[in-house]
Amino acid sequence: MVDFSVGVEDEVFRGEVRRWLAEHLGGEWLAGREEFGVRRDWERELGLGGWIGIGWDRAYGSFGNRGATLTQQVVWAEEYAAARAPERVGHIGEQLLAPTLIAYGDDAQRKRFLPAVARGEELWCQGYSEPGAGSDLAAVRTAAVRDGDTYRISGQKIWTSLAREADWCFVLARTDPEERRHRGLSFLLVPMGQPGRIEVRPIRQLTGTSEFNEVFFDGAVARAAHVVGGPGAGWRVAMGLLALERGVSTLAQQVGFAAELREVVREAVRTGAVGDPVLRDRLVRQWAELRVMRWNALRTLGPAAGDAGAPSVAKLLWSGWHQRMGELAMRVRGAGAACGPEPWTADYAYELDAAQRRFLFSRADTVYGGSDEIQRTIIAGRVLGLGGGRER
């Protein structure tokens, strides 16, 4: 059993975190925290403070950031979320690419890419899913053909967050056409600034926004030196990266969830919905399930960190919880939940408030990052030994 109690040094660290956030998280950051330009500038501010990558394995150096113990990483994540700081735009580079390069990359790749991520200067997106290869990642058809010291990439990726703003994309592509499924894949680092060779098309969502994108590669170039783990090792690297999608960051996510729940409780009191015993029971259940998620997240940071099914269990827990939270937020408002905050106009058909946006966007929670069906297949195969779930 790992002791996650906070000690004296951790409380000193908490004080440092709070002071830094109070000194640097001024009105301009809070006022514009929804705007991408502000969020990108904030990423550089975090880099200057050494707050990016504090949980990276330091066996190969610090790359310009400060070190932190596991409990201090939890403290940072929770204080950051509690301060309502701008949503991070560098999380894909910091939490996915960087640990992957530390584990599977070579020294040249680490020296080239990690300092830029730690400074908040280069943003990344993830080129995994395709129209015919979403949760079934082994079915990718994007091809990369060797051409001297480079690869030429052709194909399509979809649901690519930050593709319009990212400087680089890590792409899972098939480099050996003779192989099938998870064999013959490679993990390539591709610069996004290739006009005529890379096209990004935003996908308009129920919320009216376009966080996701389609990405089309038409002879895009990647250096052979930027193949992580070597040609043909893409599946091993990709699976290692997917295991990193959970961890300390889930604790910060839960701080946000707790804030959402408090808002819903306040709304239930205001509308009188709290007097309905069924709704009151659901509110209590949401609170209890959130506590369970916290303890499960702490457990997976300890001895259970290597459990094959731990990331899948975490995904099932939070995605379902957040969907139910969105539904509950609408239910406590009654018929008023169908009304937007602003009148309809011909220029913009509808406006949504924060709760309505969360409700609509949460419909995707049980799909992206591996659907619920895929997560259950992984647990069945890798944990319970029931067959299947071996490749994803």
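Anything mentioned here points back to the structure above.
Computed from a prediction, not measured in an experiment: that's the story for all the values here.

*Asks:* Describe unusual backbone geometry, and please don't skip the residues or the numbers.
*Replies:* The backbone of W159 shows a phi angle near 60 degrees, a positive value even though the residue is not glycine. With respect to the helices and strands, W159 occurs in the loop between β3 (150-157) and β4 (168-174). Positive phi, normally seen in glycine, also occurs at L162, with a value near 65 degrees. Considering the arrangement of structural elements, one finds L162 in the loop between β3 and β4.

*Asks:* I'd like a rundown of a negative patch on the surface, residues and numbers included.
*Replies:* On the surface, E34, E35, E87 and E211 cluster together to form a negatively charged patch. Relative to the helices and strands, E87 resides in the loop between α4 (70-82) and α5 (91-104).

*Asks:* Explain the pattern of salt bridges residue by residue, including any values.
*Replies:* Counted according to the given criterion, the structure contains 21 salt bridges. For E11, the salt bridge goes to R14, with nearest N and O atoms at 3.4 Å. Taken as a pair, E11 and R14 lie in helix α1 (residues 8-24) at a separation of 3 residues, close to a single helical turn. Judged by relative accessible area, R14 falls into the buried class, the value being 13%.

*Asks:* Any details on the packing of aromatic side chains? Residues and values, ideally.
*Replies:* For the coordinates displayed, the defined rule picks out 19 aromatic pairs. Relative to F63, the ring of W56 lies with its centre 6.5 Å away and its plane at 65 degrees, an arrangement referred to as edge-to-face. Taking the relative accessible area as the measure of exposure, F63 reaches 16% and is therefore buried. Between F257 and W321, the aromatic rings sit 5.0 Å apart at their centres with planes inclined by 25 degrees, giving stacked as the arrangement. Separated by 64 residues along the polypeptide, F257 in helix α8 (residues 248-271) and W321 in helix α10 (residues 310-333) bring together distant segments of the chain. One exposure class covers both F257 and W321, and it is buried.

*Asks:* An account of the packing of α1 against α4 is needed here, citing residue identities and associated values.
*Replies:* The interhelical angle for the contact between α1 and α4, taken along N-to-C directions, is 30 degrees, at an axis separation of 10 Å. Between α1 and α4 lies a crossing of right-handed hand. Residues E9, D10, F13, R14, V17, R18 and L21 of α1 form the contact with α4, whose own contacting residues are T71, Q72, V75, W76, E79 and Y80. Within the contact of α1 with α4, the residues separate by chemical class into 6 nonpolar, 2 polar and 5 charged.

*Asks:* Help me get a handle on the side chain of T142, residues and values and all.
*Replies:* Note on placement: T142 falls in the loop between β1 (124-127) and β2 (143-147). At a separation of 2.7 Å, a polar atom in the side chain of T142 contacts the side chain of E130. Separated by 3.4 Å, the side chain of T142 and the backbone nitrogen of Q156 make a polar contact. In this structure T142 touches E130, I153, S154, G155, Q156, K157, L172, A173 and R174, once residues within four positions along its chain are discounted.

Reading the values: the criteria
- Residues numbered from 1 in each chain as written.
- Predicted model: local features only at pLDDT ≥ 70, side-chain atom pairs only at ≥ 80, totals over all residues.
- Heavy atoms only, no water.
- Helix = DSSP H or I, 4+ residues; strand = E, 2+ residues; numbered from the N terminus.
- Patch = residues over 30% accessible without salt bridge, like charges linked within 9 Å, V, L, I, M, F, W, Y side chains within 5 Å.
- Areas by Shrake-Rupley, 256 points an atom, 1.4 Å probe, with all protein chains shown as cover.
- Salt bridge = Lys/Arg side-chain N within 4 Å of Asp/Glu carboxyl O.
- Lys, Arg positive; Asp, Glu negative; His and termini not counted.
- Charge placed at Lys NZ, Arg CZ, Asp CG, Glu CD.
- Buried < 20%, exposed > 50% of the residue type's maximum accessible area, 1.4 Å probe, protein only.
- Phe/Tyr/Trp six-rings, centres within 6.5 Å; stacked < 30°, edge-to-face > 60°.
- Axes fitted to C-alpha atoms, helices over the stretch in contact; angles between N-to-C directions.
- Left-handed = near helix turned anticlockwise from the far one by under 90°.
- Contact = heavy atoms within 4.5 Å.
- Nonpolar A, V, L, I, M, F, W, Y, C, P; charged D, E, K, R; others polar.
- Polar contact = N/O pair within 3.5 Å; in protein donor to acceptor, adjacent residues only side chain to side chain.

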